[in-house]
Amino acid sequence: MRDYLLTLCVTAAVTYLLTGPVRKFAIATGAMPEIRARDVHREPTPRLGGIAMFFGLCAGLLVADNLQNLNGVFELSNEPRALLSGAALIWLIGVLDDKFEIDALIKLGAQMIAAGVMVMQGLTILWIPVPGIGMVSLTSGQGTLLTVALVVITINAVNFVDGLDGLAAGMVCIAAAAFFLYTYRLWYGYGLEAAAPATLFAAILMGMCVGFLPHNMHPARIFMGDSGSMLIGLVLAAGAISVTGQVDLDVLAVFEGSTREATHAALPVFIPLLLPLTIIAIPFADLVLAVVRRTWNGQSPFAADRGHLHHRLLEIGHSHSRSVLIMYFWSALIAFGVVGYSVHSTSMWIVLAVVALSAVGLVLLLLPRFTPRAPLWAQAVVPPRYRRRRRQEETYEEPTPGLARAPQEMIEERTPVPAGVNGATALGARSRLPDRRKAGSRH
């Protein structure tokens, strides 16, 4: 565990330290696209944050290769090299897209090629665990198609959710943390060496997100761009492929006592095609809804709009920060709930906790304008917006007799400025005259 934590910290430190120079480089090279109709931010913000994240990935792999307890991952498996090859290709395409706006079909082809590069180097799905039957071996063609499909789905699911400051990095970090706990349990608890690469990938992915988040939280000073969103999506998919298609369920059954119990323990990574639903359920749901919505409206599935889940949260009245926290909440609830359910001894308690927390999340969704107030003893340590306001009558003063009033035309009238479709701005408080147009409208 110390080696994994060291790898995570080095990855986070390199990513954090490089993000500042990368931001200056993005500004100097003009990688600051104009504000689009679907954007939430109101000021041009540099992209190319994926450059720092990629070098953080390289630093994490380099450190792990020189640690005694993690060096065996590189000696016994070619998966880290396969990940680095695919990540370099998808990162390069993302950098070009952040600068020159590459066509969506070209990016889709690059994603498939990157997945194919990983398959050629051994990072592929070899079999699928089926309850009651055991392990079902896949042919070379079946494994390749399934691997490519999982990579493309995961990359685009992460890319679709990258619409608010800190949203994609935070959600992927939560998913990687839950995935790390599961794979570490397989590797350390059951002695399954095949789960070691996936555990390393999850630790490095957490470091990449943790190091980038301080620069990307609202208001963001830099965006990760497609070079970052596609990169972290690829790393997450690589970990899922590694543990799903290469950990033998029959070996796990020896420790659990039966195939049924082993299948229950392997629930989070049971069927590869359903893995994005359990680990990144929120981005995947957003992806499916976006494709259905655009197709129903007669548009291309790749056409951009303002109908994503985070846009809906802003539309109903949630602030930018609160929308991000709500998405964090649901991602953590689903990811950690599924991983916790794999521990059969506490399954019922996990289900009850998930139901209770889901009720809390629904209440938060229905109270967009609820602002909690800190108690009196905490007034000095909380932000001003959470402090209790003084009563207006205490500050009200009677007008001085005989004082002439200023002419009405001399009084400055402050007219609230409409904030756009989402009803909030990225720089200030929500306007009192929000635009009530629907998020999917063309105007």
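Being a predicted model, the structure only gives us computed values, none of them experimental.

A. Fine view of the overall build of the protein. On a plain count of helices and strands, the protein comes out with 17 helices and two strands. For the protein, the proportion of its 443 residues judged to be buried stands at 49%. Partitioning the contacts of the protein with sequence separation of at least 6, the portion at a separation of at least 24 is 72%. When the accessible surface of the protein is summed, it comes to about 22,400 Å², and 65% of that surface belongs to carbon and sulfur atoms.

B. Focus on the packing of aromatic side chains. Going through the model one piece at a time under the given rule, you end up with seven aromatic pairs. Measuring from ring centre to ring centre gives 5.9 Å for Phe54 and Phe55, while their planes differ by 75°; the resulting arrangement is edge-to-face. For Phe55, a relative accessible area of 40% puts it in the partly exposed group. Ring geometry for Phe54 against Trp91: centres 4.3 Å apart, planes inclined by 10°, an arrangement best described as stacked.

C. The packing of helix α5 (residues 104-120) against helix α6 (residues 140-161), seen in detail. With their axes 9 Å apart at the nearest point, α5 and α6 run at an angle of 130° to one another. Here α5 is positioned oblique relative to α6, judged by the angle of their axes. Considering only the axes of α5 and α6, their crossing is right-handed. For the pair formed by α5 and α6, the contact residues are Leu108, Gln111, Met112, Ala115, Gly116, Met118 and Val119 on the first element and Thr144, Thr147, Val148, Val151, Val152, Ile155 and Asn156 on the second.

D. Quick look at a nonpolar patch on the surface. A contiguous nonpolar patch, built from Met348, Trp349, Val351, Leu352 and Val355 and spanning about 560 Å² of accessible area, is present on the exposed surface. Mapped onto the elements, Val355 comes out in helix α16 (residues 347-366). The exposure class assigned to Val355 is exposed, which follows from its relative accessible area of 53%.

E. Spotlight on the nonpolar core. In terms of nonpolar packing, the biggest core is built from 96 residues, with Tyr4, Leu57, Leu200, Leu205 and Leu231 touching the most fellow members. Counting residues per element, this core draws most heavily on helix α7 (residues 167-189), at 16 residues. Dropping the residues within four chain positions of it, Leu205 is found in contact with Val172, Ala176, Ile232, Val235 and Leu236.

F. Just the pattern of salt bridges, in detail. One pass over the structure, following the stated rule, counts three salt bridges. Measuring nitrogen to oxygen at the nearest pair gives 3.4 Å for the salt bridge that ties Arg47 to Glu101. Taken together, the residues Arg47 in the loop between α1 (2-29) and α2 (50-65) and Glu101 in the loop between α4 (79-100) and α5 connect sequence positions 54 residues apart. Here Glu101 falls in the partly exposed class, since its relative accessible area comes to 47%. Here Asp97 and Lys107 are joined by a salt bridge, their closest N and O atoms 3.6 Å apart. Of the two residues, Asp97 sits in helix α4 while Lys107 sits in helix α5, which places them ten residues apart along the sequence. Look at the salt bridges and you will find they share partners, linking Asp97, Lys107 and Asp226 into a network.

G. Just unusual backbone geometry, in detail. Positive phi, close to 70°, is recorded for Leu48, a residue that is not glycine. Considering the arrangement of structural elements, one finds Leu48 in the loop between α1 and α2. Accessibility expressed as a relative area gives 3% for Leu48, which makes it buried. Despite not being glycine, Glu101 shows a phi value in the positive range, around 60°.

H. Broad picture of the side chain of Asp97. Taking the relative accessible area as the measure of exposure, Asp97 reaches 2% and is therefore buried. Here Ile102 takes part through its backbone nitrogen, which lies 2.8 Å from a polar atom of the side chain of Asp97. Discounting chain neighbours no more than four positions away, the residues touching Asp97 are Ile102, Lys107 and Asp226.

I. Expanded view of the packing of α1 against helix α8 (residues 196-216). Axis separation between α1 and α8 bottoms out at 7 Å; the angle between their running directions is 35°. Classified by chirality, the crossing of α8 by α1 is right-handed.

J. Quick peek at α7. Helix length check: α7 (23 residues) gives 32 Å between terminal C-alpha atoms against 33 Å at 1.5 Å per residue, within 8%. Across the 23 residues of α7, 19 count as buried, placing the element largely inside the fold. Within two residues after α7, Gly191 carries a phi angle of roughly 70°, on the positive side.

K. Expanded view of the environment of Phe336. Topologically, Phe336 is positioned in helix α15 (residues 320-341). Here Phe336 falls in the partly exposed class, since its relative accessible area comes to 36%. Residues Phe336 and Leu181, 155 residues apart in the sequence, show an inter-C-alpha distance of 9.1 Å. Among residues more than four places away in sequence, those in contact with Phe336 are Ile174, Ala177, Ala178 and Leu181.

What counts and how
- Residues numbered from 1 in each chain as written.
- Predicted model: local features only at pLDDT ≥ 70, side-chain atom pairs only at ≥ 80, totals over all residues.
- Heavy atoms only, no water.
- Helix = DSSP H or I, 4+ residues; strand = E, 2+ residues; numbered from the N terminus.
- Buried < 20%, exposed > 50% of the residue type's maximum accessible area, 1.4 Å probe, protein only.
- Contact = heavy atoms within 4.5 Å.
- Areas by Shrake-Rupley, 256 points an atom, 1.4 Å probe, with all protein chains shown as cover.
- Phe/Tyr/Trp six-rings, centres within 6.5 Å; stacked < 30°, edge-to-face > 60°.
- Axes fitted to C-alpha atoms, helices over the stretch in contact; angles between N-to-C directions.
- Parallel < 35°, antiparallel > 145°, perpendicular 65-115°, else oblique.
- Left-handed = near helix turned anticlockwise from the far one by under 90°.
- Patch = residues over 30% accessible without salt bridge, like charges linked within 9 Å, V, L, I, M, F, W, Y side chains within 5 Å.
- Salt bridge = Lys/Arg side-chain N within 4 Å of Asp/Glu carboxyl O.
- Core = buried A, V, L, I, M, F, W, Y, C linked by side-chain atoms within 4.5 Å.
- Polar contact = N/O pair within 3.5 Å; in protein donor to acceptor, adjacent residues only side chain to side chain.
- Expected span 1.5 Å × (residues − 1).

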